[in-house]
Amino acid sequence: MTAKTLFDKIWDAHVVKQVEGGPNVLYIDRHFIHEVTSPVAFLGLKNRGLKVFRPKKTTATPDHNVPTIDQHMSIKDELSRHQLEMLKANCAEHGITHHDLGSEGHGVVHIIGPEMGLTQPGMTIVCGDSHTSTHGAFGAIAFGIGTSEVEMVLASQCIMQPKPKKMKITVNGELGKGVTAKDIALYIISKISTSGGTGHFIEYAGSAITSLTMEGRMTLCNLSIESGARGGMIAPDETTIDYIKGRQFAPKGEDWDKAVATWSELKSDDGAVFDTELTFDAADIEPMITYGTNPGMGIGVSQTIPTTEGMEGSDKTTYEKSLQYMGYQQGEAMKGKTIDYVFLGSCTNGRIEDFREFAAFVKGKKKADNVTAWLVPGSKQVENQIIAEGLVEILEEAGFKLRQPGCSACLAMNDDKIPEGKYSVSTSNRNFEGRQGPGARTLLASPLTAAAAAVNGVISDPREML
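Residues numbered from 1 in each chain as written. Predicted model: local features only at pLDDT ≥ 70, side-chain atom pairs only at ≥ 80, totals over all residues. Heavy atoms only, no water.

## Focus on the packing of aromatic side chains
This model, assessed by the stated rule, comprises nine aromatic pairs. Taking the centre distance of 5.9 Å and the plane angle of 85° together, the rings of Tyr187 and Phe280 count as edge-to-face. Highlighted residues: Tyr187 in helix H6 (residues 181-192) and Phe280 in strand S12 (residues 276-281), separated in sequence by 93 residues. The pair formed by Tyr187 and Phe280 is uniform in burial state, with each residue classed as buried. With 5.3 Å between their ring centres and 85° between their planes, Phe358 and Phe400 make a pair best called edge-to-face. Highlighted residues: Phe358 in helix H13 (residues 352-362) and Phe400 in the loop between helix H15 (391-397) and strand S17 (423-426), separated in sequence by 42 residues. (Phe/Tyr/Trp six-rings, centres within 6.5 Å; stacked < 30°, edge-to-face > 60°. Helix = DSSP H or I, 4+ residues; strand = E, 2+ residues; numbered from the N terminus. Buried < 20%, exposed > 50% of the residue type's maximum accessible area, 1.4 Å probe, protein only.)

Pasting the structure below:
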C-alpha cells in the first residue's frame, strides 16, 4: 500500500463523492456556528424551504459581538444584539444546541469545542471563521468556511472542497526559557511569510511540537491560517488522549477503548510524501513580537526592526507604509518601546494555561500605570477555573481585573476597541491595520511577553524577569 499522510487518511475517509475535474464532496463530522456568519446562511435555508439536515452535528455560541463586562444587561449595539437574537431563534427553530451568553457552556467557539470534548481526532470540522484551524491540534482536519458554505453544511452535512496540498513543518530540539507555542508560530510565519502556506494543509511534527501541551498545540494550529495555509494539524498521542478523556462529549466505556485504538493509528506513515517539507531548530526561537501590519512581520524581542535593504518596488513601498502606520523606524530596537494596552485572550490565547502563565508572571508585581489591560477568558469554563484556582486574587493584587468571556479586543466587532494611535500588545492572531480598532497599532506576542509589557509599561524580554 502507498504510504499516506495523516491528512490524506482523514480526508480520503470523508470523501462522499469526487466531482470529475472538480472538488471533493466532503462529509463534515462537526459544525460550529456563531452569530456573525450564520444568519444569512439560515436565511438561505428558509428561502429554499430547507431544514438543517443533521442538527445534532452543529453547535452554536455567540462570541464575536458580545460585551465582556455587564453581560447580564441588554447589549447596547443594535446590530450586535440583533445578531445574537437571530442565532438564538435560528437554533431554537432547527433544534441546534445553543450555548447562550451567560450559560455555563458559553465562550469563544474554538475554545468551547475542545473543552467539551466535541473536538476529537480523525474528525472533519468546519466553522464560518478562519481560525477553525485551532481544532487541528487534535489530529483533525479543521478549516474555516464562508457563509454560503455554512448554508451548504447546514443543508447537507457536506461541503464541496478541492483537496489542498500538504506541507510538513518539523521543529526539533528543546524550547528555551520563556519560549511558548505562540513564539513558535510567530517565528515560523516570520520565516515563511503570510503566504508561505498558501494552498497547503500543514502537519506539525518534531520533538519541540510533541513536547507542547494540548493548549499550546491549539495555539500553534490556530495561527496556521496566518501563514496562508488552509489549516494545521498535529498527530494525536497520549497528550491528546489524556486531554479528551472524561470530557462531556468524549466517548465512554467500550466506545472510549475503541476510539483510542482508532486514534492511535492516526499518524503519517513512514515514507509518506508531502508537497513541501520545512525544518526548524527550537534553539533559534526566542520570545517574539510583531512590529508591522501582518503576522509575518515579527522578530525576536531582543532584535531590531529589519531595514529595506534588498527590497525593491512595491515590496519596499508596502514595507515603508507599514512602518509609517506603526510609527516605527527601520533598525530600531523593539525592546523598551512604550505601550498603552495589553490584551490577554482570544481563540489563540484565551485558555486556562494562558491565564496561569500570565498570573504566575505578574504575581508579586504591579501593572504599570500607563497600561490599560483587558484580561478576557475564552469561555465560561475558563472563567470558572480562573476563579476556582485563586488566580483572580493574584491578578487583582497586581492591579489587573478579569473581564467576561468573548472574542473581545481580537477584532473591532464589539465594545473592546483599542483607541486610534495607541499601542496594544495582544495575544490574539492578527495585527492588520484597524484590526483592533480604527488606527489601533497591534503588537502580537505570547502571554508571557504580554505580561512583561504590562508590568514594565514597555516592550520587554520576559526571560529577564523569569
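What follows continues from the structure just given.
## What about the nonpolar core?
Counting 67 residues, the largest nonpolar core has Ile169, Val171, Ile184 and Tyr204 as its most contacted members. No other element matches H6, which puts eight residues into this core. Excluding residues within four positions of it along the chain, Tyr204 makes contact with Ile169, Ile188, Ile209, Leu220, Cys221, Ser224, Gly232, Met233 and Ile234. Core analysis: the next-biggest nonpolar cluster, separate from the first, contains 58 residues, Tyr291, Val301, Ala359 and Val382 among them. (Core = buried A, V, L, I, M, F, W, Y, C linked by side-chain atoms within 4.5 Å. Contact = heavy atoms within 4.5 Å.)

## A look at the sheet that holds strand S18 (residues 441-444)
Spatial strand order, S16-S15-S17-S18: four strands in an open sheet with parallel pairing. Each edge of the open sheet carries a strand with a single partner, namely strand S16 (372-375) and S18. Here the average twist between neighbouring strands, direction ignored, is 20°. One ladder, built from four bridges, connects S17 with S18; its direction is parallel. (Pairing = 2+ DSSP bridges. Axes fitted to C-alpha atoms, helices over the stretch in contact; angles between N-to-C directions.)

## Brief notes about the sheet that holds strand S2 (residues 24-27)
Pairing within the open sheet is antiparallel, and its three strands lie in the order S1-S2-S8. The outermost strands of the open sheet, each flanked by one partner alone, are strand S1 (15-18) and strand S8 (158-161). Averaged over all pairs of adjacent strands, the angle between their axes in this sheet comes to 20°, without regard to strand direction. Relative to S2, S1 is paired through three bridges, and the arrangement is antiparallel. Each bridged residue has a counterpart across the sheet, and for Lys17 the counterpart in S2 is Val25. Contacting S1, S2 and S8, helix H1 (residues 6-13) runs over the sheet at an angle of about 80° to S1.

## Regarding the layout of surface pockets
The calculated volume of the largest pocket comes to roughly 430 Å³. Along the wall of the largest pocket there are 24 residues; nearest its centre are Ser190, Tyr291, Gly296, Met297 and Tyr319. Of all the elements in the fold, those that place two or more residues in the lining of the largest pocket are H6, strand S14 (298-300) and helix H11 (313-326). Here the element with the most residues in the lining of the largest pocket is H6; it accounts for five residues. Of the residues that constitute the lining of the largest pocket, the class distribution is ten nonpolar, ten polar and four charged. (1 Å grid on protein atoms, 1.4 Å probe; cavity = no way out; pocket = protein on both sides within 12 Å on 5 of 7 lines; lining within 4 Å. Points joined across faces, edges and corners; volume = space filled by probe spheres on them. Nonpolar A, V, L, I, M, F, W, Y, C, P; charged D, E, K, R; others polar.)

## So, the environment of Gly327
Residue placement: Gly327 occurs in the loop between H11 and strand S15 (341-344). The spacing of Gly327 and Ala412 is 85 residues in sequence and 21 Å in space, taken between C-alpha atoms. Each residue touching Gly327, except ones within four places of it in the same chain, is listed here: Tyr423 and Arg441.

## As for unusual backbone geometry
Backbone geometry places Asp70, a non-glycine residue, at a positive phi of 55°. Residue position: Asp70 is located in the loop between strand S4 (58-60) and helix H3 (78-94). When its relative accessible area of 41% is taken as the criterion, Asp70 is described as partly exposed. The phi torsion at Ser346 lies on the positive side, around 85°, for a residue other than glycine. Its location among the elements puts Ser346 in helix H12 (residues 346-349). Ser346 sits in the buried class, given a relative accessible area of 2%.

## Let's talk about empty space enclosed by the protein
The method is simple in principle: a probe with the dimensions of a water molecule rolls over the atoms, and the space it marks as empty is what remains. Counted according to the given criterion, the structure contains one cavity of 30 Å³ or more. One number sums up the size of the largest cavity: a volume of about 50 Å³. Along the walls of the largest cavity sit Ile169, Ala185, Ile188, Ile189, Ile192, Ile202, Tyr204, Leu220, Leu223, Ser224 and Ser227, which together make up its complete lining. Those elements that provide at least two residues to the lining of the largest cavity are H6 and strand S10 (200-205). Looking at the lining of the largest cavity element by element, the count peaks at four residues for H6. Residue composition of the lining of the largest cavity, by class: nine nonpolar, two polar and no charged.

## Quick look at the packing of H6 against helix H8 (residues 214-222)
The interhelical angle for the contact between H6 and H8, taken along N-to-C directions, is 20°, at an axis separation of 8 Å. On the basis of the axis angle, H6 is roughly parallel to H8. Like other packed secondary-structure pairs, H6 and H8 cross with a definite hand, here right-handed. Residues Ala181, Lys182, Ile184 and Ala185 of H6 pack against Gly216, Thr219 and Leu220 of H8. A class-by-class count of the residues in the contact of H6 with H8 yields four nonpolar, two polar and one charged. (Parallel < 35°, antiparallel > 145°, perpendicular 65-115°, else oblique. Left-handed = near helix turned anticlockwise from the far one by under 90°.)

## Some remarks on the pairing of strand S6 (residues 124-127)
Burial along S6 is two-sided: the residues Thr124 and Val126 and Ile125 and Cys127 are all buried. Where strand S3 (residues 30-33) and S6 come together, three bridges link them in parallel fashion. Of the residues in S6, the one forming a bridge with Phe32 is Cys127. Pairing of S6 with strand S7 (residues 141-144), which is carried by four bridges, proceeds in the parallel orientation. From the neighbouring strand, Cys127 faces S7, where its bridge partner is Gly144.

## Remarks on the side chain of Ser268
Within the secondary structure, Ser268 is located in the loop between helix H10 (253-263) and S12. Within the structure, Ser268 has its side chain in polar contact with the backbone nitrogen of Leu6 (distance 2.8 Å). Separated by 2.6 Å, the side chains of Ser268 and Glu203 make a polar contact. Look past the residues within four positions of Ser268 in its chain and what remains in contact with it is Lys4, Thr5, Leu6, Glu203 and Phe274. (Polar contact = N/O pair within 3.5 Å; in protein donor to acceptor, adjacent residues only side chain to side chain.)

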